[in-house]
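Reading the structure
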Amino acid sequence: MAERISFKIDEDVAVIKFDAPQSKVNVLSRAVLASFTSIFDEIQKNDAVTSIVLTSGKPECFIAGADILMLDACRSAEELIKLSKDGQEALMNIERSTKPVVAAVMGSCLGGGLEVAMACQYRIAVKDKKTVFGLPEVMLGLLPGAGGTQRLPKLVPLPKALEMMLTGKNVRADQARKLGIVDQLVDPIGPGVSFPEQNTLSYLEEVAVGTARQLSLGKLKINRTPPLFQRLMNSFFATNFGLNMVFKKARESVMRQTKGLYPAPLRILDVARIGLEKGSRAGYLAEAQGFGQLGMTTESRALIGLYLGQTACKKNSFGAPKRPAKELAVLGAGLMGAGIAHVSIERGFQVVLKDVSAQGVARGEHQIQKGLSDAVRRKKMTSFEKDKVYSRLFPTTSYDRFNTVDMVIEAVFEDIKIKHRAIKEIEERVPPHCIIATNTSALPITRIAEASKRPEKIIGMHYFSPVDKMPLLEIITTAKTDKDTIASAVDVGLRQGKVVIIVKDGPGFYTTRILAPTLSEAIRLLQEGVGPVELDKASKNFGFPVGAATLTDEVGVDVAAHVAEDLSAAFGARFGGADVNVLKDMVQRGFLGRKSGKGCYLYEANVKERNVNPEMEALLRKYQIAPKKENTQAHIQFRLVTRFVNEAVLCLQEGILASPLEGDIGAVFGLGFPPMKGGPFQFTDTFGAAKLVDKMKELTDLYGVQFTPCQMLLDHAKDPSKKFHKRNN
């Protein structure tokens, strides 16, 4: 325990340091909380100590929050309620301390970390990019459980406090200073005896010790009086009318964004309001109860599972590559190629961006420049940093610089002949150690590798559009891909900031394969007379961020048609249901989706509201099918979701997927499967495989073999003890 938290006495100031061994972050576990309480009580009894500083031994992290594994291991609301009450009590001891307590913050100060800091009498923070404050519990389906819902609304303006708790967004140190979370900022310092970060951390501690001493002597008075306008607004928020207005607006925003599918934001509003209206005692009790009850919801279990899965997918299970890539080449400066180059130069790679024409290169450069300029506008980087990042890009129409690159990522048109030509041209110019990655959403990597003289160096890297916003990277291996090639591809993906899943080669890999039958069912529903608006509403009310009709337009109808044909040829009737001629006819008429301005909907520049494409109604009448059952919203949802889930489980059954964990991560972060459901495997565990199979058998009787449950799903249905995730047992 002493290793996690240490303390020393600097004359009359006690310095308590959080520093978890062999970990990049500090988290609050039962052991840490018990150790802290013991040390804090000991210091309180020491008459030689007049003030206290809380700090961290890690430059990049003050405290990152509660130990998620500890929360995940809890099996009852009562257990979680006790955890919350214990945390509240420990932090109340800080708040009530007669000896001033100063929080010295550098790095992430999140969740329980911010709750610790808010309990202190004074807060000092380093003004740098990595020092951020936030309460992200809502993203785990929880609420702040150690006093956060009660302290934050009293510390910062009420609307901002609610925004922080409801969105989980971080605020930078300078923003925190303006809001009143931080009392004093210190600037980072440069190199000296140690690295700059360690020097800054030492300097922060020195400033905090001096400040604590000044507070204990009464020489420093804390003044958090806000400006006149904010004082007037605070007085307004304290009235019943003001309070009702703020909470009404916040609730409307929550319902608009979540459709009520996430219980945590609504509970946060209730708990925060109880504290403001009924006082701290009632507020803290409501917070503890809310924390415990939310922790047992299926939504929280799903979101925690995704957090743990995301963490696992940010590690390279294949180990360090023999020769980590430093310089990349991207072949093709289109939307995907430019996006890949963009995220690569942002993360420190030197990138050669090649296209066949100067016009193509210029288009790619423009896309990257726009993305970087947007980052400057949003204050994610400075103009100087933008120029530094852009200097890593080498746009060209020739292969001249390819002789020094460590990896080439080709992002040329999705045509096997073009891919083969690209592979041959690349291999003539690159050094022997160079890896060739192909960015494709459906073409089998084994077929692409047929053009290669060294297939062991060929690998699939399927990025999702827009590359700078979509977090997932799906890496596809063939039977001939060697281990070091995989390790290198994963390493590059992780360094690009991606969440990486690794799947085996096969038609559609994993993500495209599980999406295709769902889109097929969406087209079938359109044929049955379900309108695009109704179809989108049903999808979104289940939790998908984008409706099924809109998704078809976003993917591109031509792409959907091409994939539907290829996968139907590979898998037969299981990928049937809809008439693929609907998509072909749409392509023939130029209804390609958003990119052509027409698809299921009409798209106009700078027009947010979309109208249904009236020409689609006439087209669909040509392919009309009589519905076999009333298409209620629930029926539509099960038709879409069962096909998605069944194909995902079949991918695990066939060995395309290595684990359910990667299956859930791929579905949620690549395709938008509802996060509060946790992914297809978590959903099956929660909903029940037996219930799901019963639904599918009904649908099979109605519509045919495309709804036939796979063997692995049947096995889980027969044995209730079988779960895809051990944590669900």
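Placed above this text is the structure.
Residues numbered from 1 in each chain as written. Predicted model: local features only at pLDDT ≥ 70, side-chain atom pairs only at ≥ 80, totals over all residues. Heavy atoms only, no water.

1. Observations regarding the packing of helix H23 (residues 557–571) against helix H24 (residues 580–588)
To keep things clear, this is the line we draw: Axis lines are fitted to C-alpha atoms, over the contacting stretch for helices. Their N-to-C directions set the angle, which ranges from 0 to 180 degrees. For helices the rule is a DSSP run of H or I covering at least 4 residues; for strands it is a run of E covering at least 2, with both sets numbered from the N terminus onward. Crossings are classed by handedness, with left-handed meaning an anticlockwise turn of the near helix from the far one by less than a right angle and right-handed meaning a clockwise turn. Every residue pair with non-hydrogen atoms within 4.5 Å of one another is taken to be in contact. Amino acid classes used here: Ala, Val, Leu, Ile, Met, Phe, Trp, Tyr, Cys and Pro are nonpolar; Asp, Glu, Lys and Arg are charged; the rest, including Gly, are polar.
Here H23 crosses H24 at 145°, and the two axes come no closer than 9 Å. Crossing of H23 against H24: the hand is left-handed. Contacts between H23 and H24 involve Val557, Asp558, Ala560, Ala561, Ala564 and Glu565 from the former and Val580, Leu583, Lys584, Met586 and Val587 from the latter. Across the contact of H23 with H24, the residue classes break down as eight nonpolar, no polar and three charged.

2. Description of the pattern of salt bridges
Defined as follows: The term salt bridge refers to a pairing of a side-chain nitrogen on Lys or Arg with a carboxyl oxygen on Asp or Glu at a separation within 4 Å. Three labels apply to residues, based on accessible area from a 1.4 Å probe with only protein chains included: buried if under 20% of the type maximum, exposed if over 50%, partly exposed otherwise in between.
In the structure shown here, the tally under the stated rule is 39 salt bridges. Across the salt bridge formed by Arg172 and Asp174, the nearest N and O atoms sit 3.4 Å from each other. According to the relative accessible area criterion, Asp174 is partly exposed, its value standing at 24%. For Arg639, the salt bridge identified is with Glu521, shortest N-O distance 2.8 Å. With a gap of 118 residues between them, Arg639 in helix H26 (residues 633–653) and Glu521 in helix H20 (residues 511–527) connect regions that are remote in the sequence. As far as the burial class goes, Arg639 and Glu521 line up, both buried. Taken together, the shared-partner salt bridges connect Glu521, Arg524, Glu528, Arg639 and Arg643 into one network.

3. Remarks on the environment of Ile435
Take Ile435: it is sitting in strand E15 (residues 435–438). For the pair formed by Ile435 and Pro455, sequence separation is 20 residues and the distance between their alpha carbons is 9.8 Å.

4. Thoughts on unusual backbone geometry
The residue after Ser465, namely Pro466, is reached through a cis peptide bond having omega -5°. Here Pro466 is to be found in the loop between strand E16 (458–463) and strand E17 (472–477). The phi dihedral of Asn606 is positive, around 65°, even though this residue is not glycine. Looking at the secondary structure, you find Asn606 in the loop between H24 and helix H25 (614–622). Taking relative accessible area as the criterion, Asn606 reaches 84% and is therefore assigned exposed.

5. Things to note about the pairing of strand E3 (residues 51–56)
To keep it simple, the criterion reads: Viewed with both strands pointing away, a crossover whose connecting path from the first strand over the helix to the second turns clockwise is right-handed.
E3 sits mainly inside the fold: six of its six residues count as buried. Of the two faces of E3, the one lined by Ser51, Val53 and Thr55 and the one lined by Ile52, Leu54 and Ser56 are each fully buried. Considered for its hand, the β-α-β crossover made up of strand E2 (residues 13–18), helix H1 (residues 30–45) and E3 is right-handed.

6. Overview of the side chain of Thr478
Of note, Thr478 is situated in the loop between E17 and helix H19 (483–495). Excluding residues that lie within four positions of it along the chain, Thr478 makes contacts with Ile445, Thr446 and Asp505.

7. Quick notes on the sheet that holds strand E14 (residues 407–410)
Our working rule: Only strands joined by at least two bridges in the DSSP assignment are considered to pair.
One open sheet holds the eight strands; their spatial order is E13-E12-E11-E14-E15-E16-E17-E18, and the pairing between them is mixed. Every interior strand has two partners, whereas the edge strands, strand E13 (393–396) and strand E18 (499–504), have only one. Ignoring which end each strand starts from, the neighbouring axes of this sheet average 25° apart. Examined bridge by bridge, E15 and E16 share three bridges and lie parallel to one another. Across the sheet, Ile436 pairs through a bridge with Ile458, a residue of E16. Here helix H15 (residues 358–377) sits on the sheet in contact with strand E12 (350–354) and E13, set at roughly 155° to E13.

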